[in-house]
Amino acid sequence: MNIGTMAEQAEDQKQDVSNDAGQKPEMDKPGGGAPVDETADAKANREEEISTGGKNLEIGNFRVFTDLRLPEFDMGHCKAYAADNLRRSEGNAFALVTDPVLPTRYDLIKFLSGVHMAGQIDLLDSAIAHWPIFGRKTMVLFFEKPKGGHVIVSSGKQRSINEQDIAASVVEPLMNVLQALGEKGLTHRAVRATNLFFGDPEGGKVILGDCASGPPGYDQPLVYETTARMAADPAGRGVGTLSDDLYALGMTLAELAIGRRPLANMTDQEIMDIKLSKGSFQAIASQEKLPLIMIEPVRGLLCDDPEERWGFAELHAWLDGRRTKPVQGNTEKRAARSQNISGKDYYTVRALAQGVAKNWVNALTPLRDGTVEIWLRRGLGDNDRAKAMADAMRQLQWAGADKRSAEEVLVARSILILDPSGPVRYKGFSAMVDGFGNMLSYDVQHGSGPQRFSDVIVRDIPAFWFGRQEGYSPEVQRLQSAYKNLRYYIQQKSAGYGYERCLYSMVRNQHCLSPMIEQEYVVDIAQLLPALEKAAENVSDDAWPVDRHIAAFIATRLEDDVEGQLMAMQNPSDEVEYSRAIISMLAVVQWRHGPDNLQNLSHWVARLMEPAVKVFHSKARRERVETEIPKLAKRGNLVELYNLINDEQERRKDQSEFVEAVAEYSEAESEVFDLESSGPARLEMAEKVGQQAAAFASTMIALLTVSALFLMHIF
Amino acid sequence: MAARGRKPKGRSAFSGLSVIASAVLLFMVALPTFITLTVGLLPSLVAFIFDRSPGRMMARCVFGLNFSGVAPYILELWQDGAQTVGGATQQIFQPLALSIMYGAAGLGWLLYLAMPPIVANVLNLSAQRRVAELRKNQRGLIKTWGDSLIKEVDRSG
């Protein structure tokens, strides 16, 4: 699928997006890791000159030879390089360099690292390291070299596996892997013939290749995806379920049985059309010649109804030679008459959903005028869907001023009514709900931006998807509760929320995309401060060490609650609170994860502490803090720097004293005002008092005189 | 208010009547004393007539000192056993006696004139000293708390 064109479609709303123009794979630069046709990739690799020079670098316990390519071990979009295990002399390792602009799968790396699992290539270790070819850091996965090499060799041809041996050589080991992953609630999502290796030089049992280097299903050829997921963009195909892996196993068996990829001569659109019209198995069976022995498992595994699809029980039964229940080839109901969208006739709801998604603007008219509803009711006899469609149309009539937006929501909802198990599709965006995170990551890192994702969330399209799911599923419940958080995050505009928060909360292995540290490939919170320490060497004076991405990254990855700090960051104009919140966040990260000495970052923070010092009103306190800051910055401890401005007792004392001082000043000011403005009143009072005093004095003199005269007279 | 307004007027009428009654009584019982008092307290009489201000402070000032000036002559008159009108007239029309009586009345008037400016000056000086003290305190507060204090005061209005 042409992702670039999809993005343009979202922006321009152009019609009839071609999906045939495959993106040229190239992994010599970040972002080159488009989903690839491995055969073509292998061809390109063959032409590469394999150098034997001495360029190498040590990554963890391994020495990787950067100029010693191992194209025979390339997996998916990632390239393999020769590597030596420095800790172990036996065994042969190789390094698989992942694309830094595609998120890896955290849960699988964690589960598979250092674990030997029969049927799965041994993932020895993983490390984040600077990759000179990219000029930036990326994740490198170290695998044990499979002893037997690729099952599908670089020429695109298959090394022979006897049809009789497929059960023991392929099905058993792959079942083992899927079962082990399934027990942990994980999916492989990279089960395909081109990702199979022989576990031994004799070509005995096969092992599955890497499944952790990119988004789930990203490298899968379209034919390997179920009819539900194939309409999603490669990055948004989603984690899926065991059932999706079993479908891919069925297609793998088909490819191994016929000796080449099924429907390889068809474009993606043709593959989708034929699978939707005939059903997956019929599509393969009608075009390819399947060996008789493989028809039963392939039919069972390629069943388009996940409920009907073969599981482990049926596979075990088949391996044991027992008969299993027959499955229907195509469960999709076909209409008696077609529904036309933009000149193309559609007979099934899923095909029509895909047609509507591809002809976004032109599809509106038949949806709005009720043509599709009538087709559902009369052509297909599906009254439930017709009623749902009528309800969606009725909601369009209630739309307020934003008519265009309501129409777009109608189209998106109609697609979900037609294909409720398919991806959420909205103006070129097409991703399964469990693939939103990786789709967003892909869009953000490949130039499409987060707008498409934000639109989907703001328009509440996934809520409709949840509403269309039938029956109880814990997985859907989990996704639904996660989705509620996404809506909250998107609705908040301040740092620490927005699409950034959605991205980091949905994709565990998403590295921090802050421009300051993106090259450092910070996946874990513990890597954040060392990366910022490095960035601090060349940072401009006015830049803040916490931007929207870093705030969201900390909020998601840190064990502690930083909502208080994020609240304080909502108002950047309040410099005091803003800088305090930033310093606080960084200090908490250092306190939790170290390292103890961050001199450059401390000096950077110290420069930005000027507003935070204003938290103290007292000049004496400020001067003391300002004197202390350089001393503490030299020690590289952010916690001490934060404590300096966040001494709660001292702050409270300062605050209460300040309040008292303000009151005292105000009282003095008001008294001075009174005194200065009361001149005439004072004169008036002085006159009155003066007169009274004079009268009193006069009376007293009279009394004294009379008394004195009497006394003189008596004595 | 009307009741309050009437009360001082009634009291004033009463005190005027009592003064006249006392004067009549004095005229009938002790004419020499009456003559001395009437002539000696002439300035006070004039002051009471012309001073219409509330409380008649000027008249009180003049009367107090005027009476102090008259009192020695009344006493002298009473010490003279005859207590004749002639003796009283002779005594009172001595220039020195009149000067003392009227001079004392004059001093009372001067006291009335001088006292308000003196009190005003005292009040002004005290206010100025208080303003200076408050300003000094404010300067001290600004020195301790800086401009943020002024900003906060301005903000809080």
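Residues numbered from 1 in each chain as written. Chains lettered and ligands numbered in written order. Predicted model: local features only at pLDDT ≥ 70, side-chain atom pairs only at ≥ 80, totals over all residues.

## Section: the overall build of chain A
- Each helix and strand counted, chain A has 29 helices and twelve strands in total.
- Compactness check: chain A gives a C-alpha radius of gyration of 36 Å against a globular reference of 27 Å for 715 residues, more than 25% above the reference.
- Oriented by its inertia axes, the alpha-carbon framework of chain A measures out at about 160 × 70 × 40 Å.
- Buried residues in chain A amount to 47% of all 715 residues. (Helix = DSSP H or I, 4+ residues; strand = E, 2+ residues; numbered from the N terminus. Rg over C-alpha atoms; globule rule 2.2 N^0.38 Å. Buried ≥ 20, exposed ≤ 12 C-beta atoms within 10 Å, placed from the backbone.)

## A closer look at the overall build of chain B
- The helix and strand inventory of chain B stands at seven helices and zero strands.
- In chain B, the order of α-helices and β-strands from amino to carboxyl end is α-α-α-α-α-α-α.
- The C-alpha radius of gyration computed for chain B amounts to 27 Å, which surpasses the reference 15 Å derived for 157 residues by more than 25%, pointing to a less compact arrangement than a globule.
- Taking the principal axes of the C-alpha coordinates as reference, chain B spans close to 85 × 45 × 25 Å.
- Counting every position in chain B, which comprises 157 residues, the buried fraction comes to 27%.
- For chain B, restricting intrachain contacts to residue pairs at least 6 apart in sequence, the fraction spanning at least 24 positions comes to 68%. (Contact = placed C-beta atoms within 7 Å.)

## What to know about the confidence of the model for chain B
All names here are of chain B.
- For chain B, per-residue confidence averages 86 on the pLDDT scale, and 91% of positions sit at 70 or higher.
- Of all secondary-structure elements in chain B, the lowest mean pLDDT belongs to helix 1 (residues 2–29), at 70, while helix 6 (residues 95–145) reaches the highest, 93.
- Long-range and interchain partners of residues 1–7, a stretch whose pLDDT sits below 50, account for zero contacts in this model, where long-range means more than four residues apart.
- For this predicted complex, the interface confidence comes out at an ipTM of 0.84, alongside a pTM of 0.76. (pLDDT = per-residue confidence, 0-100.)

## Brief notes about the domain arrangement of chain A
Residue and element names in this part refer to chain A.
- As assigned here, chain A comprises domain 1 (22–319), domain 2 (333–419), domain 3 (425–510), domain 4 (518–646), domain 5 (648–677) and domain 6 (681–715).
- Averaged C-alpha coordinates put domain 3 and domain 4 at centres separated by 30 Å.
- Contact with domain 3, which involves ten residues of that partner, is made by twelve residues of domain 4.
- Class assignment of the residues belonging to the side of domain 3 that touches domain 4 gives a composition of three nonpolar, five polar and two charged. (Domains from an automatic or database assignment. Nonpolar A, V, L, I, M, F, W, Y, C, P; charged D, E, K, R; others polar.)

## Comments concerning the pairing of strand 5 (residues 123–131) of chain A
- Of the pairings in the sheet, the one linking strand 5 of chain A to strand 6 (residues 136–144) of chain A comprises eight bridges and is antiparallel in character. Its bridge partner being in strand 6 of chain A, A:His130 is matched across the sheet by A:Lys137. (Pairing = 2+ DSSP bridges.)

## Quick word on the nonpolar core
- Judged by nonpolar contacts, the single largest core of 195 residues is most densely connected at A:Ala83, A:Phe94, A:Ala95, A:Ile583, A:Val605, A:Met609 and A:Leu641.
- At ten residues, helix 5 (residues 242–258) of chain A tops the list of elements feeding residues into this core.
- Core analysis: the next-biggest nonpolar cluster, separate from the first, contains 31 residues, B:Met58, B:Tyr73, B:Ala104 and B:Tyr112 among them. (Core = buried A, V, L, I, M, F, W, Y, C linked by C-beta atoms within 7 Å.)

## A few points about the packing of helix 3 (residues 42–50) of chain B against helix 4 (residues 57–79) of chain B
Residue and element names in this part refer to chain B.
- The N-to-C vectors of helix 3 and helix 4 enclose an angle of 170 degrees; their axes lie 8 Å apart at closest approach. In this view, helix 3 runs roughly antiparallel relative to helix 4, as classed from their interaxial angle. Counted together, Pro-43, Ser-44, Ala-47 and Phe-48 of helix 3 and Met-58, Ala-59, Val-62, Phe-63 and Asn-66 of helix 4 form the full contact between these two elements. (Axes fitted to C-alpha atoms, helices over the stretch in contact; angles between N-to-C directions. Parallel < 35°, antiparallel > 145°, perpendicular 65-115°, else oblique.)

## Some points on helix 5 of chain A
All names here are of chain A.
- Relative to the 24 Å expected for 17 residues at 1.5 Å per residue, helix 5 spans 24 Å between its end C-alpha atoms, a close match to the ideal helical length.
- Counting buried positions along helix 5 gives 16 out of 17 residues, so the element sits mostly inside the fold.
- Phi turns positive, to about 85 degrees, at Gly-259, one or two residues after helix 5. (Expected span 1.5 Å × (residues − 1).)

## Regarding the environment of A:Cys303
Residue and element names in this part refer to chain A.
- Along the chain, the position of Cys-303 falls in the loop between helix 8 (292–301) and helix 9 (312–319).
- Here the alpha-carbon distance between Cys-303 and Asn-176, two residues 127 residues apart in the chain, equals 21 Å.
- Not counting the four nearest positions on each side in its chain, Cys-303 is found in contact with Phe-281, Glu-308, Arg-309, Trp-310 and Val-327.

## Some words on the sheet that holds strand 4 (residues 93–97) of chain A
Residues and elements named next belong to chain A.
- Read across the sheet, six strands follow the order 1-2-3-4-6-5 without closing on themselves; strand pairing throughout is antiparallel. Each having just a single partner strand, strand 1 (56–59) and strand 5 make up the two edges of the open sheet. Strand-to-strand, the axes of this sheet are offset by a mean angle of 35 degrees, without reference to chain direction.
- Bridge count for strand 4 against strand 6 is five bridges, and the pairing is antiparallel. Counted as the bridge partner of Val-97 is Val-140 from strand 6.

## Topic: the interface of chain B and chain A
- The interface is formed by 36 residues belonging to chain B together with 34 residues belonging to chain A.
- Taken together, the elements giving at least two residues each to the side of chain B that touches chain A come down to helix 4, helix 6 and helix 7 (147–156) of chain B.
- Among the elements that make up the side of chain B that touches chain A, the one with the highest residue count is helix 6 of chain B (20 residues).

## A few points about the pairing of strand 2 (residues 62–69) of chain A
Residues and elements named next belong to chain A.
- Across four bridges, the pairing between strand 1 and strand 2 is antiparallel. Among the inter-strand pairings, Ile-59 is bridged to a residue of strand 2, identified as Phe-62.
- In textbook terms, the turn of a hairpin is the stretch between consecutive antiparallel strands, and for strand 1 and strand 2 this stretch comprises two residues, one of which, Gly-60, has a positive phi near 60 degrees.
- Looking at chain direction, strand 2 and strand 3 (residues 79–85) are connected through four bridges and run antiparallel. Opposite Arg-69, over in strand 3, you have Tyr-81 as the bridge partner.

## Remarks on the environment of A:Arg350
Residues and elements named next belong to chain A.
- With respect to the helices and strands, Arg-350 occurs in helix 10 (residues 349–358).
- For Arg-350, a count of 24 C-beta atoms within 10 Å gives the class buried.
- Placed 72 residues apart in sequence, Arg-350 and Gly-422 show a C-alpha to C-alpha distance of 8.1 Å.
- If we ignore the near neighbours within four places in the chain, the residues touching Arg-350 are Thr-227, Leu-276, Glu-332, Leu-418, Asp-419 and Gly-422.

## Here's the deal with the confidence of the model for chain A
- Overall, the prediction assigns chain A a mean pLDDT of 87, with 91% of residues at 70 or greater.
- In the model, residues 36–53 of chain A has pLDDT below 50 throughout and makes 27 contacts with residues more than four positions away in sequence or in other chains.

## As for unusual backbone geometry
- Residue A:Gly594 is joined to A:Pro595 through a cis peptide bond whose omega torsion reads -5 degrees.
- Positionally, A:Pro595 belongs in the loop between helix 23 (575–593) and helix 24 (599–608).
- Phi at A:Asp460 is positive, roughly 65 degrees, even though this residue is not glycine.
- Secondary-structure assignment places A:Asp460 in the loop between helix 16 (451–458) and helix 17 (461–468).
- When the 14 C-beta atoms within 10 Å are taken as the criterion, A:Asp460 is described as partly exposed.
- Even without a glycine there, the phi angle at B:Arg56 is positive, about 45 degrees.
- Assignment of secondary structure puts B:Arg56 in the loop between helix 3 and helix 4.

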